[in-house]
Amino acid sequence: MLASGRGSNLEAILQAAQRNELCGQVVLVISDREKAPALDRARQHGIPAVFVNPRDYSCREEHDAAVMKLLRRQSVELVVLAGYMRILSAAFVNAFPERIMNIHPALLPAFPGKDGVGDALAYGVKVAGCTVHFVDQELDAGPIILQEAVPIIQQDTAETLQARVQAVEHRIYPRAIDLYCRGKLKVEGRRCHIVQNE
Ligand code: GRF
């Protein structure tokens with residue numbers, strides 16, 4: 001898993017794994033921020049957690065190459081982005097086709113980018129939500145795996161809305177990962193189907 005921040009999604013995924021609700025195993029957490037709480041959370045669960053400092057590399061491609069090397073060493077099958085605040089280079093995305101997942105705090109394709117919750121609130125939509133999707137070359141644009149709506153209420157601030165969106169994220173992200181690990185996701189063009197009976 002790659003994470004830059006708080007790591008609440010990472011925590012939800014690790015807890016789902018502990019409850020045996022994930023058919024896969026988290027083997028490594030990498031962060032581009034030394035002090036990311038996500039690294040501590042991983043260590044508390046006994047998962048190897050590594051800081052790869054972007055300043056040690058001259059460009060995005062080199063930093064990504066270092067991250068990829070660590071992932072390959074662990075024979076990682078699926079790369080899970082959980083609040084990873086860096087755009088992946090083309091080489092990274094190409095190295096893991098339909099094997100990188102991201103969660104975005106908006107109902108894509110609405111409100112891509114850094115502040116999905118704030119943008120939805122500012123626009124005045126009545127329904128916010130979150131999206132788990134595969135990562136492709138475009139930002140926040142790959143095939144959608146799971147998506148769930150969260151109604152916006154009159155009194156919402158960015159904080160209250162974000163809290164409700166995150167509660168849903170913590171439920172659907174582990175589910176999406178589990179579906180992947182059980183071979184239940186089939187991508188055809190832009191559409192990602194959940195295979196029902198196999
Ligand atoms: C989540 O809201 C996710 O949608 C976005 O980044 C945030 C990460 O939060 N991509 P956390 O670090 O998992 O708490």
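See the structure shown above.
The notes below deal with the structure included here.

What follows deals with the overall build of the chain. The helix and strand inventory of the chain stands at six helices and eight strands. Starting at the N terminus, the α and β elements of the chain follow one another as α-β-α-β-α-β-α-β-α-β-β-α-β-β. Taking 16 Å as the expected radius of gyration for a compact globule of 198 residues, we find that the chain reaches 16 Å, a close match to that expectation. For the chain, the spread of C-alpha atoms along the principal axes amounts to about 50 × 45 × 35 Å. When each of the 198 residues of the chain is scored for burial, the buried share is 46%. Contacts in the chain between residues at least 24 apart in sequence constitute 60% of all its contacts with a sequence separation of at least 6. Element-wise, carbon and sulfur atoms account for 49% of the exposed surface of the chain, whose accessible area totals about 10,500 Å². When the 23 basic and 23 acidic side-chain charges of the chain are each reduced to a single mean position, those positions are 2 Å apart.

This part covers the nonpolar core. The biggest cluster of nonpolar side chains holds 37 residues, and the ones touching the most others in it are Val29, Met101, Ile145 and Tyr173. The residues touching Tyr173, leaving out its near neighbours within four places in the chain, are Asn9, Ile13, Val80, Leu81, Ala82, Met101, Asn102, Ile103 and Val132. Residues Leu2, Leu28, Ala66 and Val93 belong to the second largest nonpolar core, which totals 18 residues.

With respect to burial, strand E4 (residues 100-104) is a largely interior element, five of its five residues being buried. Side-chain alternation along E4 places Ile100, Asn102 and His104 on one buried face and Met101 and Ile103 on a second face that is also buried. Summarising the sheet, strand E3 (residues 79-81) and E4 pair through three bridges and their orientation is parallel. Residue pairing across strands places Val80 opposite Met101, the latter belonging to E4. Remark: the E3/helix H4 (residues 90-95)/E4 crossover connection has right-handed handedness. Judged from the four bridges that link them, E4 and strand E5 (residues 127-134) form a sheet pairing that is antiparallel. Across the sheet, residue Ile103 finds its bridge partner in E5, namely Val132.

All residues in the neighbourhood of the ligand are listed as Arg6, Gly7, Ser8, Asn9, Gly83, Ile103, His104, Pro105, Gln166 and Glu169. The separation between an oxygen atom of the ligand and a polar main-chain atom of Gly7 is 2.8 Å. A distance of 2.8 Å separates an oxygen atom of the ligand from a polar atom in the backbone of Asn9. Protein coverage of the free-state accessible area of the ligand, which is 360 Å², stands at 86%. Residue composition of the shell around the ligand, by class: two nonpolar, six polar and two charged.

Quick look at the pattern of salt bridges now. For the coordinates displayed, the defined rule picks out seven salt bridges. Across the salt bridge formed by Asp156 and Arg164, the nearest N and O atoms sit 2.7 Å from each other. By relative accessible area, Asp156 is classed as buried at 10%. For Arg164, a relative accessible area of 30% translates into the label partly exposed.

The element helix H1 (residues 8-18) is extensively covered by neighbouring structure, given that eight of its eleven residues are classed as buried. Taken residue by residue, H1 has Ser8, Asn9, Leu10, Glu11, Ala12, Ile13, Leu14 and Ala16 as its buried positions. Packing partners of the buried residues in H1 comprise strand E1 (29-31), helix H2 (37-44), E3, E4 and helix H6 (158-181).

Cut-offs used in this document
- Residues numbered from 1 in each chain as written.
- Predicted model: local features only at pLDDT ≥ 70, side-chain atom pairs only at ≥ 80, totals over all residues.
- Heavy atoms only, no water.
- Helix = DSSP H or I, 4+ residues; strand = E, 2+ residues; numbered from the N terminus.
- Rg over C-alpha atoms; globule rule 2.2 N^0.38 Å.
- Buried < 20%, exposed > 50% of the residue type's maximum accessible area, 1.4 Å probe, protein only.
- Contact = heavy atoms within 4.5 Å.
- Areas by Shrake-Rupley, 256 points an atom, 1.4 Å probe, with all protein chains shown as cover.
- Lys, Arg positive; Asp, Glu negative; His and termini not counted.
- Charge placed at Lys NZ, Arg CZ, Asp CG, Glu CD.
- Core = buried A, V, L, I, M, F, W, Y, C linked by side-chain atoms within 4.5 Å.
- Pairing = 2+ DSSP bridges.
- Right-handed = clockwise from strand over helix to strand, strands pointing away.
- Near = heavy atom within 4 Å.
- Polar contact = N/O pair within 3.5 Å; in protein donor to acceptor, adjacent residues only side chain to side chain.
- Nonpolar A, V, L, I, M, F, W, Y, C, P; charged D, E, K, R; others polar.
- Salt bridge = Lys/Arg side-chain N within 4 Å of Asp/Glu carboxyl O.

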